[in-house]
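Read off the chains here:
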Amino acid sequence: MEDPTPRQRLVLWLIAELTGPEDPGGPLRFVKESSIQAFFFRASHEKLLPYDTAPVLTLWHGDTRYVQLSQEGQEDLTSLEGAGFLQRLELSSIDQDLLSAYRITPRGRAAAELEPAASEELAVLTQCSCGGALAYLTSRERAWRRCSKCGKETDITCLDFPSIPYRSKAHFPSLITLQYRAEDCDD
């Protein structure tokens, strides 16, 4: 199995921060794929990860809809899963939606710990100004992040699209007037 690239190590560190610490022998924590996608959207807009986003038709809380996603982020998740750093789960939610979620493997946590410089530069993505941990949450209608300490919420606009004015002028071609000769008409 390959070692992760420097960018993928940053992603592992960030996912480890999002899932939080794990107790030895305790349950493995996981984070919804939609939360990771909202997180990548936020990281790309703050120019903290070298990702860009574009509208993509995807499964979002059981609905197929357009979401502004990072294809590079999705490729990193797939590579990390294939190399055994992450595990992908398919879960049913309370609303009987099919959700994908990721959890970090012990090998992934070990690789994430090799990225100590990330904690300073990228802390704005995982920690609130009050010092609380940020959780990235999603529903059918919205995506947001919430501080576990002060409760402050910030919307993430990955489901919104800027309205583009569309103006067109109707153009109808000039139609040829049809004429019939009198002898062609039967009375």
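Because the structure is predicted, anything quoted here is derived from the model rather than measured. (Residues numbered from 1 in each chain as written. Predicted model: local features only at pLDDT ≥ 70, side-chain atom pairs only at ≥ 80, totals over all residues. Heavy atoms only, no water.)

**Section: the packing of helix H1 (residues 6-19) against helix H3 (residues 71-82)**
- Following both chains from N to C, one finds H1 and H3 inclined at 85°, their axes separated by 10 Å at the closest point. In terms of axis orientation, H1 runs roughly perpendicular to H3. Residues Arg7, Gln8, Val11, Leu12 and Ile15 of H1 form the contact with H3, whose participating residues are Glu72, Asp76, Leu77, Ser79 and Leu80.
- For the contact of H1 with H3, a count of residues per class yields five nonpolar, two polar and three charged. (Axes fitted to C-alpha atoms, helices over the stretch in contact; angles between N-to-C directions. Helix = DSSP H or I, 4+ residues; strand = E, 2+ residues; numbered from the N terminus. Parallel < 35°, antiparallel > 145°, perpendicular 65-115°, else oblique. Contact = heavy atoms within 4.5 Å. Nonpolar A, V, L, I, M, F, W, Y, C, P; charged D, E, K, R; others polar.)

**Topic: the sheet that holds strand E1 (residues 31-32)**
- The strand order E1-E5-E4 describes an open sheet built from three strands, whose pairing is antiparallel. Edge positions in the sheet fall to E1 and strand E4 (86-92), since each has one partner strand and no second.
- Docked against the sheet, H3 engages E4 and strand E5 (98-104), running at close to 105° with respect to E4. (Pairing = 2+ DSSP bridges.)

**A word on the pairing of strand E2 (residues 54-60)**
- Where E2 lies against strand E3 (residues 63-69), seven bridges are found, and the strand directions are antiparallel. Within E3, the position partnered with Ala54 by the bridge is Leu69.
- Here E2 folds back onto E3 in antiparallel fashion, the turn holding two residues, of which His61 has a positive phi close to 50°.

**Notes on helix H2 (residues 33-45)**
- If you check H2, its first and last C-alpha atoms are 18 Å apart, about what 13 residues at 1.5 Å a residue would give, namely 18 Å.
- Along H2, the positions that sit buried rather than exposed are Glu33, Ser34, Ser35, Ile36, Gln37, Ala38, Phe39, Phe40, Phe41, Arg42, Ala43 and Ser44.
- Looking one or two places after H2, you find Lys47, whose phi comes out positive at around 55°. (Expected span 1.5 Å × (residues − 1). Buried < 20%, exposed > 50% of the residue type's maximum accessible area, 1.4 Å probe, protein only.)

**Describing the pairing of strand E7 (residues 143-147)**
- Summarising burial for E7: four of the five residues are buried, a large majority.
- One ladder, built from five bridges, connects strand E6 (residues 134-138) with E7; its direction is antiparallel. Bridge pairing in E7 places Leu134 opposite Cys147.
- Examined bridge by bridge, E7 and strand E8 (residues 153-156) share four bridges and lie antiparallel to one another. Bridging from a neighbouring strand, Trp144 pairs with Asp155 of E8.
- Hairpin connection of E7 to E8: five residues between the antiparallel strands, including Gly151 at a positive phi of 80°.

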